[in-house]
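Next come the chains, spelled out residue by residue.
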Amino acid sequence: MFLVTGATGQIGRRVVRLLRQQELPVRAFVRLNSRYAELEHRGAEIFIGDLRQEKDIQKACQGVQYIISTHGSDGDPLALDYRANIELIDHAQAQQVRHFVFISVLGADRGYEDAPTFKAKRAVEQYLQNSGLNYTIFRPAGLSSNLLSLAERFRQTRMYLLIGDPKNRTSIVSTDDLAQMVVNSISVFGAKNQVLPVGGPEILQREDIPRIFSRVFNQEPVIINPPLFVVDGLRTVLGLLNPSVQKTLGTFRTLLANEFFCTPDEIAHLESVFNLKLETLESFLRRYLAV
């Protein structure tokens, strides 16, 4: 039995889909108000619970052999990125789980003090590595599926909001490729007990993204490029009203202010370990947007 947390998210639902295509038993950890009909239709066992509640985690882990943690912070990195994953690891040990897959973030090991999500992910990485469990940790740079809504908006308006330095480099991985690697990591020897940076086959500058949109839709982009201090000002104002929002925006600012890309050697290693050819961002967009 596979337990997948974040099962209705961009990565999780693709992981569940791939596991069920192989007719493997899957328990999908979902929230009551989430859209899980597709997972149920595919034959996954639906577990409705709250990752903030250890009793729900304990119950969800009963009888599982593999745990795949794909859930995000939902604005609460301490409770979800950190505590929930620590409890999942503890119960994985108690259940003698065979393999634990954790979705971290590229740059988790850089010590970004103003980014709660990065700090939480790094702490979980270290806890998992010291747990005695077999594991695979993926550090994706960015997900192509996160750009679909921006691409649709661009199709309608030709506008693209690019905050900060347009020359900052990034590696955007096909979310389908990442899900495939997650599923395969259970059985691929080269992924066992490894921390794997994950990106797409291209190193892009952030200004390349609207150019790709432009090619996909055959229309010229209107790029709005406010400086990063706009985010700083917003953080200051919102912090006066809600300190937790200010912390969340710290992670957002870190993502905007820094470069997150994989080297050609890292990409070549990924393709070799998993025996696949990684998909470009443009190919992913054309597939999903039917253009």
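All values derive from a computational prediction rather than experimental measurement.

Topic: the overall build of the chain
- When helices and strands are counted, the chain shows 12 helices and 11 strands.
- For the chain, the C-alpha radius of gyration of 19 Å lies close to 19 Å, the compact-globule estimate for 291 residues.
- Taking the principal axes of its C-alpha atoms as reference, the chain extends roughly 55 × 45 × 40 Å.
- Expressed as a percentage of its 291 residues, the buried residues of the chain come to 51%.
- Expressed as a percentage of contacts within the chain between residues at least 6 apart in sequence, the contacts between residues at least 24 apart total 76%.
- Computed over 33 positive and 31 negative side-chain charges, the inter-centroid distance for the chain is 2 Å.

Some details on the side chain of Asp176
- By the secondary structure assignment, Asp176 is in helix H7 (residues 175-184).
- Of the polar contacts made by the side chain of Asp176, one reaches the side chain of Arg14; its length is 2.7 Å.
- Ignoring sequence-local partners within four residues, the contact set of Asp176 consists of Arg14, Phe284, Arg287 and Tyr288.

Examining a nonpolar patch on the surface
- On the surface, a cluster of nonpolar side chains totalling about 330 Å² of accessible area is made up of Met159, Leu161, Val222 and Ile224.
- Of all elements in the fold, only strand E7 (159-161) and strand E11 (222-224) reach the threshold of two or more residues within the nonpolar patch.
- Mapping Val222 onto the fold places it in strand E11.

Conventions used here
Residues numbered from 1 in each chain as written. Predicted model: local features only at pLDDT ≥ 70, side-chain atom pairs only at ≥ 80, totals over all residues. Heavy atoms only, no water. Helix = DSSP H or I, 4+ residues; strand = E, 2+ residues; numbered from the N terminus. Rg over C-alpha atoms; globule rule 2.2 N^0.38 Å. Buried < 20%, exposed > 50% of the residue type's maximum accessible area, 1.4 Å probe, protein only. Contact = heavy atoms within 4.5 Å. Lys, Arg positive; Asp, Glu negative; His and termini not counted. Charge placed at Lys NZ, Arg CZ, Asp CG, Glu CD. Polar contact = N/O pair within 3.5 Å; in protein donor to acceptor, adjacent residues only side chain to side chain. Patch = residues over 30% accessible without salt bridge, like charges linked within 9 Å, V, L, I, M, F, W, Y side chains within 5 Å. Areas by Shrake-Rupley, 256 points an atom, 1.4 Å probe, with all protein chains shown as cover. Salt bridge = Lys/Arg side-chain N within 4 Å of Asp/Glu carboxyl O.

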